[in-house]
Each structure stands twice: as structure tokens, then as C-alpha cells.
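# Structural features, examined
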Amino acid sequence: MTTGLRLSQGRPFPLGATFDGEGVNFALFSANATRIELCLFDDQEREYGRVDLPEKSEDVWFGYLKGAKPGQLYGYRVHGPYEPLAGHRFNPNKLLIDPYAKELTRPIAYDQRHCGFDPTDQRFDLSFDTRDSAPAVPKCRVLAEDFDWTGDPLLRTPRSHSVLYELNLRGYTMRHPGIDAGMRGSAAALASPEVIRYLKELGITAVELLPIHPFTTTSVQDKYGLREFWGYNSVNFFAVEPRYLASGGRAEFQRMVRVFHDAGIEVILDVVFNHSGEGNELGPTLSFRGIDNASYYWLADNKSRYRDLTGTGNTLNLAHPRVLQMVMDSLRYFVEHCHVDGFRFDLAVSLARDKGEFDPQSAFFACVLQDPVLVKTKMIAEPWDLGPGGYRLGGFPSRWSEWNDRFRNDVRRFWRGDARIGDLAVRLAGSSDVFCPPRRRPTAGVNFVTAHDGFTLEDLVSYNFKHNAANRENNRDGTDENFSWNCGVEGPTTNLNIQARRERQKRNLLATLLLSQGIPMLLAGDEFGRTQGGNNNAYCQDNETSWVDWQKLEENRDLVAFVRRLIWLRRDHPVFRRSFFFLGDPIDDSGIKDIVWLSPDGREMADADWHRPHAKVLGVRFAATGEMDVTSYTRRLDPHSFLLLVNAGEEPVNFVLPKVPVDKRWHWILDTAASDGEASGRFAAGTTFQLQAHALALFEGDV
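Residues numbered from 1 in each chain as written. Predicted model: local features only at pLDDT ≥ 70, side-chain atom pairs only at ≥ 80, totals over all residues. Heavy atoms only, no water.

Going by what an unreviewed UniProt entry lists, the protein chain is known as Glycogen debranching protein GlgX and is assigned to Rhizomicrobium electricum.

This is the structure:
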């Protein structure tokens, strides 16, 4: 090993490893370290040099290595007290990943050498481990920021026009027959012409990618031969998970974003800043814990333990200015250097806690609000965590959208027959009870019926109970409150009547999602019946349980066409994607209200109608509306009114088509009772239409 290396002074900013054309500046924050060694490796990951960072300013250690170039591999060994009871877990025997590393050489595989404590010592985490972890740790790679973004289109799709599509970058293409087997599961595969063509034809406006930052597999997963799949165990927030890069380089991800933009599709990243993959006190020492445990993490009163507001063993401490800086630097980095269009924040309440309490005026929100780079991006919150007062749906600032789980629950319950019609009505109209006007708009809510966490749509209509045995947690993991309905038989069946009912229920749920106010989000593969065999928590199933089965696409072309039609119907008619909540008031001098709720006899609902026991039938008439053209700032009128009828009951219902007040004819354009959802015909206002059991019908009024 070369010991004659020398670093010059360098600069304390920016953090990370920065190439300036002549050398590389290395800068690492640690408030409590006593010494930091920079370790240098060759292309075979053999360590050939180790040298101290020579300078420190405002808790940033730094130095400059002249002649170093992009491609240089490195890591850190950080010295300081190993005093868990005081919150310090420094162990220079552990090679550490730079929190600002832009690329890693390989995935992070579980290895006992990662432990900072001796697992054979009865004192457990209070003991000290002397094994060198370097062979088991991926190395950081210096990058040059030289990707050519010339001509990359700036999409900025209005939130009201957005249709999100949640997918796992790896799982979406692992079984795609049109992609070379060696490339499947990568960013390059996701950007393949076959995938782009399909998504563009489907009509979605944005993909929401499950976490793409480097993540770990836990010791329990490793014990049972499982592997982290969802990616919610991040260890770095600037690099891309190496398994997602067929070429091994970050430029592959950048090219993927560029291809999506060329197709008019935005890229939104699911980011996990609430915790890290280092887990609790018995977890691995890979980065933050060994660099400055007491600064990066929210410690319990017993400082050898962690405040766990996330269910993962630890919580990152965004109240610390350097930790908050890391989060903001990561967000800006992916916007400026990877051109992503927005972020979905996992367990976002944890990011805005001040002294333990959620604060809508927190430093995190203030930083995001004023940031000139992030102002052009979409911000989406998962508005809860596991701490006290952690459910905060509707409590985020006005420029944010939030995952609306009340939409999910009420829509699921309505279509299985046990929710009040009033609950469905408020969800169809954009959840104004949650996102209180005038401060918020319907686009504050991201509506979904299914997401990665829970049943797929196929499983939602096929299982009453979760079936998570494959996760090796004795079926204790995953929620028990699914509001699902198996339609008569648990799991797969050859009964044609039950199969038909399940298909109808899927159409009902999809139509409700895509015809409701707010931002709809589809779970990838739901549009052609992807199943996980009843597993509602497939976080560790990096296998065919979770990988999208593209054979289902060939078997369910009618359902795909149905979803495509709904998406394009939503795009073409602003009444389904309003920028403001309905008021129930006349839209002009004609006296026509913007929305009218109807009972089966064709009259406007009275207060008593909403409280009828066991009511499962509802109609709603949406008045013609307009939208603001974002280029000319003029209002474009859509002259079409629509009538939506829903019946969650077991029997058909005769519904009188309304005259409210000037409707003449209604054109029957969609009906979930049909196997393909298609419908056609004309009905005079005031005549009776038979609405089938467990069905939704849509009519378009005369222009």
C-alpha cells in the first residue's frame, strides 16, 4: 500500500468527491470524528493508498488530490470514540460509503463484517469489532458531471393533467419477452422502445419509480435466501442502485430519463429520507452510523438506541442542519444532473418533525418552498409515519400533493358493498373534506386503489386475506385491513361466474379511480391483471412473485383497452380533472349547477337520501366546464356534460336519466357490466335505464 500520498488543502464545499479538471476535492461532514482517512482503490478494488483528510472547517473534513480523475475508487475510515451509550459508534475497521458518492461499484450485499460490534460478544452492540469490512463494501467512484442534456424537453405537465404509474424499475422488465435477458431489470430496459411505446399508448403522463438509490438487504432476508426488492433501505441518496444499471454507469439512468422526456413522460422518484438501511443498533455500519451516528440519527434518551418513527429501526435527524443539507443537496442533484421531474417522499411526516411533533412550518418545508431549483418539480408526500400523531393526511403545505389513502379505503369498501354512498361521493369529487378549499385544490390528492404496498388489483378482487408465508414472517407482516373481496372463492378459481364478477369489479375500481377528481395513480400491471398470489407485502420478493408478468398482457387486452380509453377520456374532458373543487352552485345564468347528485328516481338528492340505510346506488351529473390553456392563458370550454351512475348492490336498479335542467339526450358510452366496458346507445332524458348489479355506467350529454 502506498503511504506517501499527500493531499493539499482543498475546499470544504461542495461535499462529496468533485473533479475540477485537474484533480479531485474530497469533503466529508462529521462533527464528532477525531480523524478521517481517505482510502484509495484500483479498478480491482484493491486498496493502494490511505491518507488523512488534512483540513477541517465547520465540521467538514476535506483535502485535494491533484491528478486524480473520474473513475477513481475510494471510501473512508472514520476515527473517533466508540461509546454507544454516548451515541458514538466510530470504528475505523469499517470502510464507509461517502453519503455524497455519485456511483457505487456494486450492490450492497449483507455481510457480518459490516457490523461495528462483535456479534459473538454477549455485550452485543456495546462491544467493538476489529474485522476489516473493506472487502465486503462497494467502493465509491468519482464521476464527472458531463452528461449532455442539450435539447431535453422541459415537460412541466400540469398537476391536473397528471396520470401517475407506479412501478419498480427492476421488476417491470424482468419478465418482458421483448427485451434481451441480459438487459432486463435495468434502466436501459425500462427505456427500451417496447416499454416506451406501451406506456405512451396507455396514456400515462409520469412514471413514479420505487426507490432507485443504493439499498441493503437485511440479515433476516439474507438468512432465508430473500433479498430487498422495493428498495426502502437506502444507504446513499446520490447514486443509483448498481443492480439497475446494465452498463454499470449512472449515465444509463440519465439516458433513460431523456428517453422518457422525449416520449412526453415525466419521471418521479420515490425517496426515503426518513430512515436508512443501517437499521437499529444491531444493524450494519455502512455509512452514516460510522461517520457521525449522533448527528445523522435521532437517538433515544438511552443514546445507544434509536428513536424509531418508521418501523425500520432508525430515523434520520433532519433537525440537524447538515442532515437537512444532505437531503436538499440530493433533491437538487437529481433535478439538475438527472433531470427528474418530482419526488414522492416515503413516510414524509418524519421529515417535518420538530422536537417530536409534526410541524407544517418546519425547516424542511421552508427549504423546499424557497428553493429555486425545486420550485419546478412535483412534490408528493406519503402523509404519515409511525410516530405519535403521525397520520397527517391533508396537513401538508399547499404546493404539495399527498397520497390519499381515504380514497383507497372508501372506494374499496363501496365496491365490496359496505360503505355509505356519501363516502364515495366525497372521494369522486376530490376529497374536499380532507384538502380543505380554498387553500388546497383537488390536485392535492393522489388517488389510488392499489400501490406497491398491499394487494395488486387482481388480488384485491381474489383474496379476502393476505397470504404472506413466503416472506418468512409467519404471515404477521402486511396489513390485515385490506377491504378486499374475493367474490366468493379465495384465490384462483375455474368458476366462470366468479371470474366474470372479478373482472367487473376490476373495471369498477379502475373507472372510479380515473373518473374522480384529483391525481390518479395506477399500479404497474394492474391494467392487465398482475398477481402476487395474495402477498400484500412483497418487499422481499425479488422474484416472479413481484416481477410483472407480461404474458398477462396478452390475456387481458380488453382490460388494457378499457384503461387506455378511460385515461384518454380524462385527458380530453376537463370536467374529470378540475383545478378547483365543485361548489354545487350554478355555473352561469342558466341555473345549471357544476355538480348534481342524483337518486335513482332522477331527482336531486335531498339530505335524507344520503342517510338511507344500505343505500348502494348513486348518480352524479357533471356540468360542462372549461380549462385554462397553459400556453395562451385563455379558457377553453368543453361543452360536454357527463352522467355517472354506480350500483354496488346485488340487484339491477332502474335509474331515471335526469333533466337537470336542460338535458335532452344521453349517449351511453361506457358500462362495466360489459366484458370490454364498451357501451353505445341513446336515451332521452327522463327515460329509465337499467343499471346492472355491481356496475358503473357513464353517459355523455348532447352538446
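That shown, we press on.
### Considering the overall build of the protein chain
Rule in force here: A run of H or I in DSSP counts as a helix once it spans at least four residues, and a run of E counts as a strand once it spans at least two, with each numbered from the N terminus. To get the radius of gyration, use the C-alpha atoms; to get the globule rule, take the number of residues to the power 0.38 and multiply by 2.2 Å. Note on exposure labels: buried denotes an accessible area under 20% of the residue type's maximum, exposed denotes more than 50%, and partly exposed covers the range between, all computed with a 1.4 Å probe on protein chains only. Residue contacts are defined here by distance: any two heavy atoms, one from each residue, within 4.5 Å place the two residues in contact. To measure how exposed things are, a 1.4 Å probe is used in the Shrake-Rupley method; for residues, cover is taken only from the protein chains shown. When charges are tallied, Lys and Arg are placed among the positive residues and Asp and Glu among the negative ones, while His and the ends of the chain are skipped. Working definition for charges: the position is that of NZ of Lys, CZ of Arg, CG of Asp or CD of Glu.
In terms of helices and strands, the protein chain carries 14 helices and 30 strands. By the compact-globule yardstick of 27 Å for 703 residues, the protein chain fits well, its C-alpha radius of gyration being 27 Å. Once the C-alpha set of the protein chain is aligned to its principal axes, its extents read approximately 90 × 55 × 50 Å. Classification of the 703 residues of the protein chain by burial places 61% in the buried group. Excluding contacts between residues fewer than 6 apart, the proportion of contacts in the protein chain whose partners are at least 24 apart in sequence is 72%. If you sum the accessible surface of the protein chain, you get close to 26800 Å²; carbon and sulfur atoms cover 49% of it. With 82 positive and 94 negative side-chain charges, the protein chain shows a spacing of 1 Å between the two charge centroids.

### A look at the sheet that holds strand β6 (residues 60–66)
Condition: When DSSP finds at least two bridges between two strands, those strands are taken to pair. To obtain each axis, a line is fitted to C-alpha atoms, and for helices this fit is confined to the stretch in contact; angles are then taken between N-to-C directions over 0 to 180 degrees.
With respect to topology, four strands assemble into an open sheet ordered β1-β2-β6-β5, the strand pairing being antiparallel. Edge positions in the sheet fall to β1 (16–19) and β5 (55–57), since each of these pairs with one other strand and no more. Between one strand axis and the next, the sheet turns by 25° as a mean value, whatever way the strands run. Of the strand pairs in this sheet, β5 and β6 are connected by three bridges, and their pairing is antiparallel. Each bridged residue has a counterpart across the sheet, and for Ser57 the counterpart in β6 is Val60.

### Concerning the pairing of strand β29 (residues 688–691)
Residues Phe689 and Leu691 of β29 are buried on one face, while the alternating residues Thr688 and Gln690, pointing to the opposite face, are not. Two elements, strand β26 (residues 653–656) and β29, share four bridges in a ladder whose sense is antiparallel. If you follow Val653 over to β29, its bridge partner there is Leu691.

### Re the nonpolar core
Inclusion rule: Here, nonpolar core refers to any group of buried Ala, Val, Leu, Ile, Met, Phe, Trp, Tyr and Cys residues whose side-chain atoms link them within 4.5 Å.
Tyr165, Tyr172, Leu209, Phe253, Met256, Phe343 and Phe345 are the most contacted members of the largest nonpolar core, which totals 163 residues. For this core, the element with the most residues is helix α6 (residues 321–336), which contributes nine residues. Formed by 14 residues, the second largest nonpolar core is a distinct cluster that contains Leu598, Phe655, Phe689 and Leu691.

### Quick look at the UniProt feature "domain: Glycosyl hydrolase family 13 catalytic" (unreviewed entry) in the protein chain
Definition in use: UniProt positions are given in the numbering used here, feature names are shortened, and annotations may be inferred rather than shown by experiment.
Mapped onto this numbering, the UniProt entry gives "domain: Glycosyl hydrolase family 13 catalytic" (unreviewed entry) at residues 189–570. Here residues 189–570 runs as 32% helix and 9% strand, with 29 Å between its end C-alpha atoms.

### A look at the pattern of salt bridges
For the record, the criterion: Take a side-chain nitrogen of Lys or Arg and a carboxyl oxygen of Asp or Glu: if they are within 4 Å of each other, that pair is a salt bridge.
Going through the model one piece at a time under the given rule, you end up with 55 salt bridges. For Asp549, the salt bridge identified is with Arg175, shortest N-O distance 3.8 Å. A residue pair is termed long-range when its members are at least 10 positions apart, and Asp549 in the loop between β20 (519–523) and α12 (551–555) and Arg175 in the loop between β11 (164–167) and α1 (187–190) qualify at 374 residues. Beyond isolated ion pairs, a larger network of salt bridges with shared partners links Arg170, Arg227, Glu241, Arg243 and Asp542.

### Focus: the packing of aromatic side chains
Quick reminder of the rule: Stacked, tilted and edge-to-face are the three classes assigned to paired rings of Phe, Tyr and Trp, where Trp is represented by its six-membered ring and a pair needs centres within 6.5 Å; plane angles under 30 degrees give stacked, over 60 edge-to-face, the rest tilted. Any Lys NZ or Arg CZ that is within 6 Å of a ring centre and within 35 degrees of that ring's normal is treated as a charge sitting over the ring.
Scanning the entire structure with this criterion turns up 45 aromatic pairs. Cluster of aromatic residues (ring-pair linked, three or more members): Phe29, Phe237, Phe273, Phe288, Tyr296, Phe343, Phe345, Phe358, Phe364, Phe365, Phe396 and Trp400. Positioned above the aromatic ring of Tyr333 is the side chain of Lys102, whose terminal nitrogen or guanidinium carbon lies 5.3 Å from the ring centre. Here the basic side chain of Arg307 rests over the ring of Trp298, its NZ or CZ set 4.8 Å away from the ring centre.

### Considering helix α13 (residues 557–572)
The condition is simple: By this rule, a helix spans an expected 1.5 Å times one less than how many residues it contains.
For α13, spanning 16 residues, the distance from its first C-alpha to its last is 22 Å, which sits close to the expected 22 Å at 1.5 Å a residue. Residues of α13 that are buried include every one of Leu559, Val560, Phe562, Val563, Leu566, Ile567, Leu569 and Arg570, and no others. Looking at the buried residues of α13, the elements they touch are α2 (193–202), α11 (496–514), β20, α12, β27 (665–671) and β30 (695–701).

### Examining the side chain of Lys102
Here is the rule we go by: Contacts described as polar in this section are N or O atom pairs within 3.5 Å, which, within protein, must combine one atom able to donate a hydrogen with one able to accept it, while residues neighboring in sequence count only if both atoms come from side chains.
Here Lys102 shows up in the loop between β9 (88–89) and β10 (140–141). Among buried Asp, Glu, Lys and Arg side chains, Lys102 stands out as unpaired, with Glu145 the closest opposite charge at 5.3 Å. Within polar-contact distance, the side chain of Lys102 engages the backbone oxygen of Tyr100 at 3.0 Å. Not counting chain neighbours up to four residues away, the residues in contact with Lys102 comprise Leu15, Leu143, Glu145, Phe238, Ala239, Arg250 and Tyr333.

### Regarding the pairing of strand β25 (residues 642–647)
Burial analysis of β25 places six of its six residues in the buried class, the great majority of the element. Burial along β25 is two-sided: Phe642, Leu644 and Val646 facing one way and Leu643, Leu645 and Asn647 facing the other are all buried. In this sheet, β25 lies alongside strand β22 (residues 617–622) in antiparallel orientation, the contact comprising six bridges. Across the sheet, residue Arg621 finds its bridge partner in β25, namely Leu643. Pairing between β25 and β30: six bridges, direction antiparallel.

### Regarding the state of the cysteines
Using the following cut-off: When two cysteine sulfur atoms are found within 2.5 Å, that pair is recorded as a disulfide.
Scanning all chains against the criterion turns up zero disulfides. Considering cysteine sulfurs only, Cys115 is the nearest to Cys540, which forms no disulfide, with 20 Å between them. Judged by relative accessible area, Cys540 falls into the buried class, the value being 1%.

### With respect to helix α4 (residues 251–262)
Spanning twelve residues, α4 covers 16 Å between terminal C-alpha atoms, matching the ideal 16 Å at 1.5 Å per step. Those residues of α4 not exposed but buried are Glu252, Phe253, Gln254, Met256, Val257, Arg258, Phe260 and His261. Positioned one or two residues after α4, Gly264 has a phi angle of 80°, which is positive.

### Comments concerning the environment of Glu166
By the secondary structure assignment, Glu166 is in strand β11. Expressed as a C-alpha distance, the spacing of Glu166 and Ala451, which sit 285 residues apart in the sequence, is 7.2 Å. With residues near it in sequence (within four places) discarded, Glu166 still touches Glu208, Leu210, Trp403, Ala451, His452, Met521, Leu522, Leu523 and Ala524.

### Some words on empty space enclosed by the protein
Rules: In the cavity and pocket records, a cavity denotes points on a 1 Å grid over the protein atoms alone where a 1.4 Å probe fits but cannot get out, a pocket denotes an open set with protein on both sides within 12 Å along at least 5 of 7 lines, and lining residues are residues with an atom within 4 Å of a point. Grid points are joined across faces, edges and corners, and a volume is the space filled by probe spheres set on the points. In this classification, Asp, Glu, Lys and Arg are treated as charged, Ala, Val, Leu, Ile, Met, Phe, Trp, Tyr, Cys and Pro as nonpolar, and every other residue, Gly included, as polar.
Inspection of every chain in the model, using the stated rule, returns six cavities of 30 Å³ or more. If you trace the largest cavity, you find 15 residues lining it, with Asn168, Phe229, Leu523, Arg530 and Ser546 closest to the centre. When the residues that make up the lining of the largest cavity are grouped by side-chain class, the tally is eight nonpolar, five polar and two charged. The space that makes up the second largest cavity amounts to roughly 70 Å³. Mapped by element, the contributors of at least two residues to the lining of the second largest cavity are α8 (405–416) and α11. Looking at the lining of the second largest cavity element by element, the count peaks at three residues for α8.

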